[in-house]
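Observations on chain architecture
Residues per chain, in single letters:
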Amino acid sequence: MLNQQEINYFEKVKTPFYFYDMGLLQKSLFAIKDAADLYNFHLHYAVKANANERILRTIKGFGLGADCVSGNEIQTALNNGFSPHQIVFAGVGKTDDEIELAINSNIFSINCESVQELEVINSIAKKLNKRVRIALRINPNVDALTHSKITTGLKFNKFGISLIDVKFIIENINSYENLFIEGLHFHIGSQITILDVYKKLCKVVNDTFSYFTSQGVRIKHINLGGGLGINYQNPESQIPNFLSYFEIFKDNLNVPENVDLHFEPGRSIVGQCGYLISKILYSKTEGNNNTLIIDAGFTELLRPALYDANHKIVNLSSRNKTEIYDIAGPICETSDYFGRAIELPLSKRGDLIGIYSTGAYGEVMASQYNLRSLVSKYYSDEIPLLPIAGKFLFV
Ligand SMILES: *Cc1c(COP(=O)(O)O)cnc(C)c1O
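Conventions adopted
Residues numbered from 1 in each chain as written. Predicted model: local features only at pLDDT ≥ 70, side-chain atom pairs only at ≥ 80, totals over all residues. Heavy atoms only, no water. pLDDT = per-residue confidence, 0-100. Contact = heavy atoms within 4.5 Å. Pairing = 2+ DSSP bridges. Helix = DSSP H or I, 4+ residues; strand = E, 2+ residues; numbered from the N terminus. Right-handed = clockwise from strand over helix to strand, strands pointing away. Axes fitted to C-alpha atoms, helices over the stretch in contact; angles between N-to-C directions. Left-handed = near helix turned anticlockwise from the far one by under 90°. Nonpolar A, V, L, I, M, F, W, Y, C, P; charged D, E, K, R; others polar.

Looking at the chain as a whole, the pLDDT averages 95, with 97% of positions reaching at least 70. Counting contacts from residues 389–395, a segment whose pLDDT is below 50, to residues more than four positions away or on other chains yields twelve contacts.

What follows is the structure in C-alpha coordinates.
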(Lines give C-alpha, C1' and ligand atoms only; values in the text may rest on other atoms or scores of the structure.)
Protein backbone atom coordinates (compact mmCIF):
# COMPACT_ATOMS: atom_id res chain seq x y z
CA MET A 1 0.00 0.00 0.00
CA LEU A 2 1.05 3.60 -0.40
CA ASN A 3 2.93 5.15 2.52
CA GLN A 4 2.90 8.76 3.72
CA GLN A 5 6.33 9.46 2.29
CA GLU A 6 5.15 8.44 -1.16
CA ILE A 7 1.99 10.53 -0.81
CA ASN A 8 4.06 13.55 0.24
CA TYR A 9 6.12 13.08 -2.89
CA PHE A 10 2.98 12.84 -5.06
CA GLU A 11 1.96 16.32 -3.81
CA LYS A 12 5.03 17.75 -5.50
CA VAL A 13 4.83 16.17 -8.96
CA LYS A 14 2.60 16.87 -11.90
CA THR A 15 -0.47 14.61 -12.11
CA PRO A 16 -1.76 12.37 -13.54
CA PHE A 17 0.86 9.62 -13.43
CA TYR A 18 1.32 5.92 -12.81
CA PHE A 19 3.14 4.89 -9.66
CA TYR A 20 4.64 1.41 -9.41
CA ASP A 21 5.40 -0.33 -6.13
CA MET A 22 8.47 -2.27 -7.25
CA GLY A 23 8.73 -4.10 -3.91
CA LEU A 24 5.24 -5.50 -4.38
CA LEU A 25 6.06 -6.53 -7.94
CA GLN A 26 9.05 -8.47 -6.62
CA LYS A 27 6.99 -10.10 -3.88
CA SER A 28 4.43 -11.22 -6.47
CA LEU A 29 7.21 -12.61 -8.64
CA PHE A 30 8.77 -14.53 -5.74
CA ALA A 31 5.33 -15.96 -4.96
CA ILE A 32 4.49 -17.10 -8.49
CA LYS A 33 7.98 -18.39 -9.17
CA ASP A 34 8.07 -20.44 -5.96
CA ALA A 35 4.64 -21.88 -6.68
CA ALA A 36 5.45 -22.74 -10.31
CA ASP A 37 8.86 -24.22 -9.45
CA LEU A 38 7.17 -26.62 -7.05
CA TYR A 39 5.63 -28.37 -10.06
CA ASN A 40 8.23 -27.48 -12.73
CA PHE A 41 5.70 -25.28 -14.54
CA HIS A 42 7.10 -22.83 -17.11
CA LEU A 43 6.02 -19.18 -16.97
CA HIS A 44 5.68 -16.71 -19.83
CA TYR A 45 4.64 -13.23 -18.70
CA ALA A 46 1.85 -11.80 -20.90
CA VAL A 47 3.59 -8.65 -22.14
CA LYS A 48 0.32 -7.04 -23.19
CA ALA A 49 -0.67 -6.54 -19.52
CA ASN A 50 2.14 -4.03 -19.00
CA ALA A 51 5.06 -3.47 -21.36
CA ASN A 52 6.78 -0.81 -19.25
CA GLU A 53 10.54 -1.44 -19.58
CA ARG A 54 11.35 -1.36 -15.85
CA ILE A 55 8.58 -3.87 -15.24
CA LEU A 56 9.68 -6.10 -18.11
CA ARG A 57 13.27 -6.09 -16.89
CA THR A 58 12.24 -6.96 -13.36
CA ILE A 59 10.12 -9.87 -14.59
CA LYS A 60 12.87 -11.07 -16.89
CA GLY A 61 15.24 -10.94 -13.90
CA PHE A 62 13.11 -13.60 -12.21
CA GLY A 63 13.66 -15.92 -15.15
CA LEU A 64 10.20 -15.75 -16.73
CA GLY A 65 9.69 -15.98 -20.46
CA ALA A 66 7.35 -13.77 -22.48
CA ASP A 67 3.95 -14.31 -24.05
CA CYS A 68 3.57 -11.92 -27.00
CA VAL A 69 0.61 -11.02 -29.19
CA SER A 70 2.32 -8.82 -31.80
CA GLY A 71 5.61 -8.45 -33.60
CA ASN A 72 6.39 -5.30 -31.62
CA GLU A 73 5.85 -7.20 -28.38
CA ILE A 74 8.30 -9.88 -29.56
CA GLN A 75 10.82 -7.16 -30.43
CA THR A 76 10.27 -5.39 -27.09
CA ALA A 77 10.70 -8.66 -25.18
CA LEU A 78 13.94 -9.37 -27.05
CA ASN A 79 15.19 -5.79 -26.50
CA ASN A 80 14.60 -6.22 -22.77
CA GLY A 81 16.64 -9.37 -22.53
CA PHE A 82 14.03 -12.14 -22.75
CA SER A 83 15.47 -15.26 -24.33
CA PRO A 84 13.88 -16.19 -27.69
CA HIS A 85 13.64 -19.76 -26.40
CA GLN A 86 11.19 -18.54 -23.75
CA ILE A 87 8.99 -16.46 -26.08
CA VAL A 88 5.59 -17.66 -27.30
CA PHE A 89 3.51 -15.79 -29.86
CA ALA A 90 -0.30 -15.92 -30.05
CA GLY A 91 -2.94 -13.82 -31.82
CA VAL A 92 -5.69 -14.35 -34.39
CA GLY A 93 -4.34 -11.83 -36.88
CA LYS A 94 -0.59 -12.33 -37.24
CA THR A 95 0.72 -10.51 -40.33
CA ASP A 96 3.27 -12.07 -42.67
CA ASP A 97 5.93 -9.65 -41.33
CA GLU A 98 5.19 -10.66 -37.74
CA ILE A 99 5.38 -14.36 -38.62
CA GLU A 100 8.69 -13.76 -40.37
CA LEU A 101 10.06 -11.94 -37.31
CA ALA A 102 8.96 -14.80 -35.07
CA ILE A 103 10.59 -17.37 -37.33
CA ASN A 104 13.81 -15.41 -37.76
CA SER A 105 14.01 -14.81 -33.99
CA ASN A 106 13.75 -18.57 -33.46
CA ILE A 107 11.17 -18.22 -30.67
CA PHE A 108 9.97 -21.19 -28.63
CA SER A 109 6.52 -21.51 -30.18
CA ILE A 110 4.12 -19.81 -32.55
CA ASN A 111 0.65 -20.47 -31.18
CA CYS A 112 -1.47 -20.87 -34.28
CA GLU A 113 -5.16 -19.93 -34.29
CA SER A 114 -6.59 -21.23 -37.59
CA VAL A 115 -6.08 -23.70 -40.43
CA GLN A 116 -5.36 -20.88 -42.85
CA GLU A 117 -2.75 -19.38 -40.52
CA LEU A 118 -1.08 -22.80 -40.31
CA GLU A 119 -0.79 -22.85 -44.09
CA VAL A 120 0.60 -19.30 -44.17
CA ILE A 121 3.21 -20.07 -41.48
CA ASN A 122 4.18 -23.22 -43.38
CA SER A 123 4.70 -21.33 -46.63
CA ILE A 124 6.67 -18.48 -44.98
CA ALA A 125 8.85 -21.06 -43.19
CA LYS A 126 9.42 -22.82 -46.51
CA LYS A 127 10.50 -19.55 -48.13
CA LEU A 128 12.94 -18.93 -45.25
CA ASN A 129 14.12 -22.52 -45.43
CA LYS A 130 13.24 -23.18 -41.78
CA ARG A 131 11.17 -25.64 -39.82
CA VAL A 132 9.10 -23.95 -37.12
CA ARG A 133 7.77 -25.09 -33.72
CA ILE A 134 3.99 -24.70 -33.55
CA ALA A 135 1.39 -25.04 -30.85
CA LEU A 136 -2.26 -25.24 -31.88
CA ARG A 137 -4.45 -22.85 -29.95
CA ILE A 138 -7.57 -24.88 -29.29
CA ASN A 139 -10.92 -23.26 -28.61
CA PRO A 140 -12.07 -25.41 -25.68
CA ASN A 141 -15.61 -23.96 -25.48
CA VAL A 142 -15.26 -23.39 -21.72
CA ASP A 143 -17.01 -20.39 -20.17
CA ALA A 144 -14.54 -18.42 -18.04
CA LEU A 145 -17.46 -16.81 -16.11
CA THR A 146 -15.92 -13.36 -16.41
CA HIS A 147 -16.86 -10.16 -18.30
CA SER A 148 -18.01 -10.92 -21.87
CA LYS A 149 -15.38 -8.59 -23.34
CA ILE A 150 -12.57 -10.65 -21.79
CA THR A 151 -14.00 -14.11 -22.49
CA THR A 152 -11.93 -15.86 -25.14
CA GLY A 153 -12.62 -19.59 -24.95
CA LEU A 154 -16.23 -19.87 -26.08
CA LYS A 155 -17.17 -21.49 -29.38
CA PHE A 156 -18.15 -18.26 -31.11
CA ASN A 157 -15.23 -16.13 -29.87
CA LYS A 158 -12.77 -15.41 -32.67
CA PHE A 159 -9.93 -17.17 -30.83
CA GLY A 160 -8.52 -20.62 -31.38
CA ILE A 161 -9.12 -23.65 -33.58
CA SER A 162 -12.38 -25.55 -33.31
CA LEU A 163 -12.40 -29.28 -32.69
CA ILE A 164 -13.66 -29.88 -36.24
CA ASP A 165 -10.65 -28.08 -37.69
CA VAL A 166 -8.37 -29.98 -35.32
CA LYS A 167 -9.54 -33.19 -36.97
CA PHE A 168 -8.74 -31.76 -40.40
CA ILE A 169 -5.25 -30.68 -39.27
CA ILE A 170 -4.45 -34.11 -37.85
CA GLU A 171 -5.61 -35.80 -41.06
CA ASN A 172 -3.31 -33.53 -43.06
CA ILE A 173 -0.46 -33.27 -40.60
CA ASN A 174 2.17 -34.57 -43.00
CA SER A 175 1.48 -31.80 -45.49
CA TYR A 176 2.94 -29.15 -43.16
CA GLU A 177 6.52 -30.02 -44.05
CA ASN A 178 8.06 -26.90 -42.55
CA LEU A 179 6.31 -27.15 -39.20
CA PHE A 180 6.80 -29.15 -36.03
CA ILE A 181 3.26 -29.35 -34.63
CA GLU A 182 4.19 -30.27 -31.08
CA GLY A 183 2.21 -28.11 -28.65
CA LEU A 184 -1.34 -27.40 -27.53
CA HIS A 185 -2.41 -23.97 -26.30
CA PHE A 186 -5.52 -22.87 -24.39
CA HIS A 187 -6.50 -19.45 -23.01
CA ILE A 188 -10.11 -19.07 -21.90
CA GLY A 189 -10.20 -15.47 -20.69
CA SER A 190 -9.06 -12.94 -18.15
CA GLN A 191 -9.89 -11.82 -14.58
CA ILE A 192 -11.07 -15.32 -13.72
CA THR A 193 -12.07 -15.52 -10.07
CA ILE A 194 -14.13 -18.71 -10.06
CA LEU A 195 -11.28 -21.20 -10.09
CA ASP A 196 -13.58 -24.14 -10.83
CA VAL A 197 -13.64 -23.08 -14.49
CA TYR A 198 -10.00 -24.21 -14.67
CA LYS A 199 -11.13 -27.71 -13.67
CA LYS A 200 -13.43 -27.72 -16.70
CA LEU A 201 -10.53 -26.53 -18.82
CA CYS A 202 -8.37 -29.41 -17.49
CA LYS A 203 -11.01 -31.89 -18.60
CA VAL A 204 -10.98 -30.52 -22.16
CA VAL A 205 -7.17 -30.48 -22.14
CA ASN A 206 -7.06 -34.13 -21.05
CA ASP A 207 -9.54 -35.15 -23.76
CA THR A 208 -7.73 -33.15 -26.45
CA PHE A 209 -4.35 -34.55 -25.45
CA SER A 210 -5.68 -38.13 -25.55
CA TYR A 211 -7.21 -37.50 -28.95
CA PHE A 212 -3.89 -36.32 -30.42
CA THR A 213 -2.09 -39.29 -28.85
CA SER A 214 -4.68 -41.72 -30.20
CA GLN A 215 -4.16 -40.25 -33.67
CA GLY A 216 -0.41 -40.77 -33.40
CA VAL A 217 0.54 -37.10 -32.89
CA ARG A 218 3.09 -36.59 -30.15
CA ILE A 219 2.44 -33.48 -28.03
CA LYS A 220 5.52 -32.25 -26.16
CA HIS A 221 4.11 -29.23 -24.37
CA ILE A 222 0.79 -27.79 -23.26
CA ASN A 223 0.22 -24.10 -22.57
CA LEU A 224 -2.67 -23.38 -20.22
CA GLY A 225 -2.78 -19.61 -20.88
CA GLY A 226 -3.32 -16.98 -18.21
CA GLY A 227 -6.36 -15.33 -16.74
CA LEU A 228 -6.01 -15.65 -12.97
CA GLY A 229 -7.96 -12.73 -11.50
CA ILE A 230 -7.01 -10.22 -8.81
CA ASN A 231 -9.07 -8.65 -6.05
CA TYR A 232 -10.06 -5.16 -7.23
CA GLN A 233 -12.37 -4.53 -4.25
CA ASN A 234 -9.67 -5.28 -1.68
CA PRO A 235 -6.26 -4.51 -3.15
CA GLU A 236 -4.90 -5.15 0.36
CA SER A 237 -5.07 -8.86 -0.46
CA GLN A 238 -2.27 -8.02 -2.82
CA ILE A 239 -0.79 -11.32 -3.93
CA PRO A 240 -3.08 -13.83 -5.65
CA ASN A 241 -3.09 -17.38 -4.38
CA PHE A 242 -0.78 -18.85 -6.99
CA LEU A 243 -0.39 -22.09 -5.06
CA SER A 244 -4.06 -23.02 -5.18
CA TYR A 245 -4.22 -21.94 -8.83
CA PHE A 246 -1.37 -24.23 -9.88
CA GLU A 247 -2.65 -27.02 -7.63
CA ILE A 248 -5.83 -27.23 -9.71
CA PHE A 249 -3.77 -28.10 -12.77
CA LYS A 250 -1.53 -30.47 -10.84
CA ASP A 251 -4.58 -32.31 -9.50
CA ASN A 252 -6.79 -32.28 -12.60
CA LEU A 253 -4.47 -32.66 -15.57
CA ASN A 254 -3.85 -36.17 -16.68
CA VAL A 255 -0.86 -36.08 -19.03
CA PRO A 256 2.51 -37.89 -18.87
CA GLU A 257 5.34 -36.37 -16.78
CA ASN A 258 7.45 -35.65 -19.85
CA VAL A 259 4.89 -33.22 -21.27
CA ASP A 260 5.98 -29.69 -20.26
CA LEU A 261 3.30 -27.42 -18.85
CA HIS A 262 3.39 -23.69 -19.56
CA PHE A 263 1.39 -20.73 -18.20
CA GLU A 264 0.96 -17.13 -19.37
CA PRO A 265 0.05 -14.95 -16.37
CA GLY A 266 -0.30 -11.22 -16.95
CA ARG A 267 -2.67 -9.39 -14.62
CA SER A 268 -1.96 -11.60 -11.60
CA ILE A 269 1.71 -10.55 -11.63
CA VAL A 270 1.47 -6.81 -12.32
CA GLY A 271 -2.11 -5.80 -11.47
CA GLN A 272 -1.70 -4.76 -7.85
CA CYS A 273 1.67 -2.99 -8.10
CA GLY A 274 0.31 -0.08 -10.17
CA TYR A 275 -1.55 3.02 -8.98
CA LEU A 276 -2.94 5.82 -11.11
CA ILE A 277 -2.48 9.06 -9.20
CA SER A 278 -4.60 12.05 -10.12
CA LYS A 279 -5.78 15.36 -8.66
CA ILE A 280 -9.28 16.74 -8.30
CA LEU A 281 -9.78 19.63 -10.68
CA TYR A 282 -13.39 20.54 -9.96
CA SER A 283 -16.41 19.43 -8.02
CA LYS A 284 -19.96 19.92 -9.27
CA THR A 285 -23.23 19.50 -7.42
CA GLU A 286 -26.50 18.98 -9.25
CA GLY A 287 -29.38 18.35 -6.85
CA ASN A 288 -28.24 15.45 -4.69
CA ASN A 289 -25.57 14.39 -7.13
CA ASN A 290 -21.93 15.31 -6.49
CA THR A 291 -19.41 14.82 -9.26
CA LEU A 292 -15.66 15.12 -8.89
CA ILE A 293 -13.78 15.89 -12.09
CA ILE A 294 -10.21 14.60 -11.84
CA ASP A 295 -7.26 15.23 -14.14
CA ALA A 296 -6.98 11.58 -15.28
CA GLY A 297 -9.38 10.20 -17.87
CA PHE A 298 -9.86 7.09 -19.95
CA THR A 299 -6.81 8.19 -21.92
CA GLU A 300 -4.81 7.09 -18.85
CA LEU A 301 -7.01 4.19 -17.69
CA LEU A 302 -9.44 2.67 -20.16
CA ARG A 303 -10.71 -0.30 -18.14
CA PRO A 304 -13.75 1.36 -16.53
CA ALA A 305 -14.98 2.73 -19.89
CA LEU A 306 -14.11 -0.41 -21.87
CA TYR A 307 -15.03 -3.23 -19.49
CA ASP A 308 -17.20 -1.52 -16.83
CA ALA A 309 -14.31 -2.21 -14.46
CA ASN A 310 -14.45 -0.97 -10.88
CA HIS A 311 -11.19 0.09 -9.28
CA LYS A 312 -10.86 1.07 -5.65
CA ILE A 313 -10.68 4.88 -5.49
CA VAL A 314 -9.12 6.63 -2.49
CA ASN A 315 -8.77 10.29 -1.53
CA LEU A 316 -5.13 10.40 -0.39
CA SER A 317 -5.33 13.96 0.98
CA SER A 318 -8.44 13.97 3.11
CA ARG A 319 -9.79 12.00 6.05
CA ASN A 320 -12.93 14.03 6.68
CA LYS A 321 -16.38 12.56 7.13
CA THR A 322 -17.65 11.02 3.96
CA GLU A 323 -19.88 11.99 1.06
CA ILE A 324 -21.10 10.12 -2.04
CA TYR A 325 -19.49 11.07 -5.35
CA ASP A 326 -19.43 10.21 -9.01
CA ILE A 327 -15.88 10.39 -10.28
CA ALA A 328 -15.30 11.52 -13.84
CA GLY A 329 -12.36 12.39 -16.06
CA PRO A 330 -11.86 15.39 -18.35
CA ILE A 331 -12.33 13.61 -21.70
CA CYS A 332 -15.16 14.78 -23.94
CA GLU A 333 -17.02 11.46 -23.79
CA THR A 334 -19.88 10.41 -21.54
CA SER A 335 -18.18 7.07 -20.85
CA ASP A 336 -15.29 8.86 -19.12
CA TYR A 337 -16.18 7.87 -15.54
CA PHE A 338 -14.10 5.94 -13.00
CA GLY A 339 -16.93 5.26 -10.61
CA ARG A 340 -20.47 6.15 -9.61
CA ALA A 341 -21.82 6.64 -6.11
CA ILE A 342 -18.44 6.14 -4.45
CA GLU A 343 -18.08 6.97 -0.77
CA LEU A 344 -15.08 9.26 -0.17
CA PRO A 345 -14.02 11.70 2.52
CA LEU A 346 -15.25 15.25 1.80
CA SER A 347 -13.20 16.09 -1.28
CA LYS A 348 -12.08 19.36 -2.80
CA ARG A 349 -10.09 20.81 -5.66
CA GLY A 350 -6.41 19.88 -5.33
CA ASP A 351 -6.91 16.65 -3.34
CA LEU A 352 -4.91 13.66 -4.54
CA ILE A 353 -6.90 10.68 -5.78
CA GLY A 354 -5.40 7.20 -5.96
CA ILE A 355 -6.94 4.64 -8.30
CA TYR A 356 -5.72 1.22 -7.17
CA SER A 357 -4.87 -2.04 -8.94
CA THR A 358 -3.98 -0.37 -12.22
CA GLY A 359 -0.72 -2.21 -12.98
CA ALA A 360 -2.37 -4.43 -15.61
CA TYR A 361 -4.07 -3.10 -18.77
CA GLY A 362 -3.55 0.48 -17.53
CA GLU A 363 -0.51 2.34 -18.79
CA VAL A 364 -0.26 0.03 -21.78
CA MET A 365 -3.71 1.09 -23.05
CA ALA A 366 -3.03 4.82 -22.63
CA SER A 367 -3.85 6.96 -25.63
CA GLN A 368 -3.54 10.57 -26.71
CA TYR A 369 -7.19 11.12 -27.58
CA ASN A 370 -8.11 14.80 -27.18
CA LEU A 371 -4.37 15.27 -27.91
CA ARG A 372 -3.51 14.66 -24.29
CA SER A 373 0.08 14.04 -23.27
CA LEU A 374 1.05 10.42 -22.77
CA VAL A 375 0.90 9.56 -19.08
CA SER A 376 4.14 9.70 -17.05
CA LYS A 377 5.31 7.21 -14.42
CA TYR A 378 7.27 6.95 -11.17
CA TYR A 379 8.70 3.98 -9.29
CA SER A 380 8.79 3.33 -5.54
CA ASP A 381 12.53 2.66 -5.58
CA GLU A 382 13.26 6.00 -7.25
CA ILE A 383 11.35 8.19 -4.79
CA PRO A 384 13.90 10.35 -2.95
CA LEU A 385 14.19 9.22 0.67
CA LEU A 386 12.92 12.13 2.73
CA PRO A 387 12.67 11.92 6.50
CA ILE A 388 9.08 11.12 7.40
CA ALA A 389 7.16 12.81 10.11
CA GLY A 390 4.21 10.82 11.39
CA LYS A 391 3.30 7.26 10.65
CA PHE A 392 2.11 5.35 7.66
CA LEU A 393 -1.37 6.34 6.75
CA PHE A 394 -2.59 3.78 4.28
CA VAL A 395 -1.27 0.38 5.28
C1 LIG B 1 -4.05 -11.71 -22.49
C2 LIG B 1 -3.49 -13.06 -22.59
C3 LIG B 1 -2.92 -13.66 -21.47
C4 LIG B 1 -2.84 -13.02 -20.11
O5 LIG B 1 -4.06 -12.88 -19.49
P6 LIG B 1 -4.15 -12.35 -17.98
O7 LIG B 1 -5.60 -12.35 -17.69
O8 LIG B 1 -3.56 -10.98 -17.93
O9 LIG B 1 -3.39 -13.31 -17.13
C10 LIG B 1 -2.38 -14.93 -21.63
N11 LIG B 1 -2.42 -15.56 -22.82
C12 LIG B 1 -2.96 -15.01 -23.92
C13 LIG B 1 -2.95 -15.76 -25.19
C14 LIG B 1 -3.52 -13.75 -23.84
O15 LIG B 1 -4.08 -13.21 -24.92
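Right, let's talk about the pairing of strand β9 (residues 260–263) for a bit. As paired strands, strand β2 (residues 42–46) and β9 are joined by two bridges and run parallel to one another. When the bridges of β9 are listed, L43 appears paired with F263. The sheet contact formed by strand β8 (residues 221–223) and β9 spans three bridges and is parallel. Within β9, the position partnered with H221 by the bridge is D260. Once the chain exits β8 it traverses helix α9 (residues 242–252) before rejoining the sheet at β9, and the crossover so formed is right-handed.

Attention now moves to the packing of helix α2 (residues 22–38) against helix α3 (residues 53–61). Their axes nearest at 10 Å, the elements α2 and α3 cross at an angle of 35°. α3 is crossed by α2, and the crossing has right-handed handedness. Of α3, the residues touching α2 (which contributes M22, L25, Q26 and L29) are R54, I55, T58 and I59. Here the residues of the contact of α2 with α3 sort into five nonpolar, two polar and one charged.

A barrel is described by the order of its strands in space; here eight strands give the closed sequence β2-β3-β4-β5-β6-β7-β8-β9, paired in parallel fashion. Each strand axis lies, on average, 30° off the axis of its neighbour in the sheet, ignoring direction. In this sheet, strand β7 (residues 179–185) lies alongside strand β6 (residues 132–137) in parallel orientation, the contact comprising six bridges. Considered in β7, the bridge of V132 is made with L179.

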